[in-house]
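Take a look at the letters that make up each chain.
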Amino acid sequence: MLEVFITSRVRRKIVMVYAKYPDFKTHIRGLAKLIKEDPGNIQRELKRLVESDFLKVEQKGNTKLYVTNKNFPIFKELQAIVVKSQQLAAKNKKES
């Protein structure tokens, strides 16, 4: 269901991870392993999500860690949409 509103597959996966787990912190390669996507594509989408203020960057030495901005104006609503979208997908999968 979320694919209707977020057309980029990689961005959708990133938003789902950070909305579902708001305390999650990771670097590009860690996220690439988790969502099984190319680090280059992830870097591009992370840049967009940081620019939109959905994510924040924390510098730890030479490593950039990406973390959810819990003060993002529609964070709670987006989080609810992600959870409902996953519940709907699970329900549809059971019915198939």
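Everything discussed here concerns the structure shown above.
This structure is a prediction, so every number in the text was calculated from the model and none was measured.

Draft legend 1. Structural detail: helix 2 (residues 28-35). All of the buried residues along helix 2 are Ile28, Leu31, Ala32 and Ile35. Summarising the axial view, the buried residues of helix 2 lie within an arc of 105°, below the 170-degree limit, and thus occupy one face. Among the exposed residues of helix 2, those oriented more than 90 degrees off its buried face are Arg29 and Lys33. In this structure, the buried side of helix 2 is in contact with helix 1 (9-20), strand 1 (25-26), helix 3 (39-51) and strand 3 (63-68).

Draft legend 2. Summary view of unusual backbone geometry. Despite not being glycine, Lys36 has its phi angle at roughly 55°, a positive value. Position of Lys36 among the secondary structure elements: in the loop between helix 2 and helix 3. Judged by relative accessible area, Lys36 falls into the exposed class, the value being 69%. Although it is not a glycine, Asp53 adopts a positive phi angle of roughly 80°.

Draft legend 3. Broad picture of the environment of His27. As for its placement among the helices and strands, His27 is situated in the loop between strand 1 and helix 2. Sequence-wise, His27 and Lys84 are 57 residues apart; in three dimensions their C-alpha atoms are separated by 27 Å. Among the polar contacts made by the side chain of His27, one reaches the main-chain amide nitrogen of Gly30 at a distance of 3.1 Å.

Draft legend 4. Main features of the pattern of salt bridges. For the structure shown, the criterion picks out six salt bridges. The partner of Lys70 in a salt bridge is Asp23, with the nearest N and O atoms 2.3 Å apart. In this pair, Lys70 sits in the loop between strand 3 and helix 4 (75-95) while Asp23 sits in the loop between helix 1 and strand 1, placing the two residues 47 residues apart along the sequence. Judged by relative accessible area, Lys70 falls into the partly exposed class, the value being 44%. Its relative accessible area of 59% is what places Asp23 among the exposed residues. Residues joined by salt bridges that share partners form a network here, namely Arg9, Lys13 and Glu37.

Parameters and conventions
Residues numbered from 1 in each chain as written. Predicted model: local features only at pLDDT ≥ 70, side-chain atom pairs only at ≥ 80, totals over all residues. Heavy atoms only, no water. Buried < 20%, exposed > 50% of the residue type's maximum accessible area, 1.4 Å probe, protein only. Helix = DSSP H or I, 4+ residues; strand = E, 2+ residues; numbered from the N terminus. Arc of directions from axis to C-beta. Contact = heavy atoms within 4.5 Å. Polar contact = N/O pair within 3.5 Å; in protein donor to acceptor, adjacent residues only side chain to side chain. Salt bridge = Lys/Arg side-chain N within 4 Å of Asp/Glu carboxyl O.

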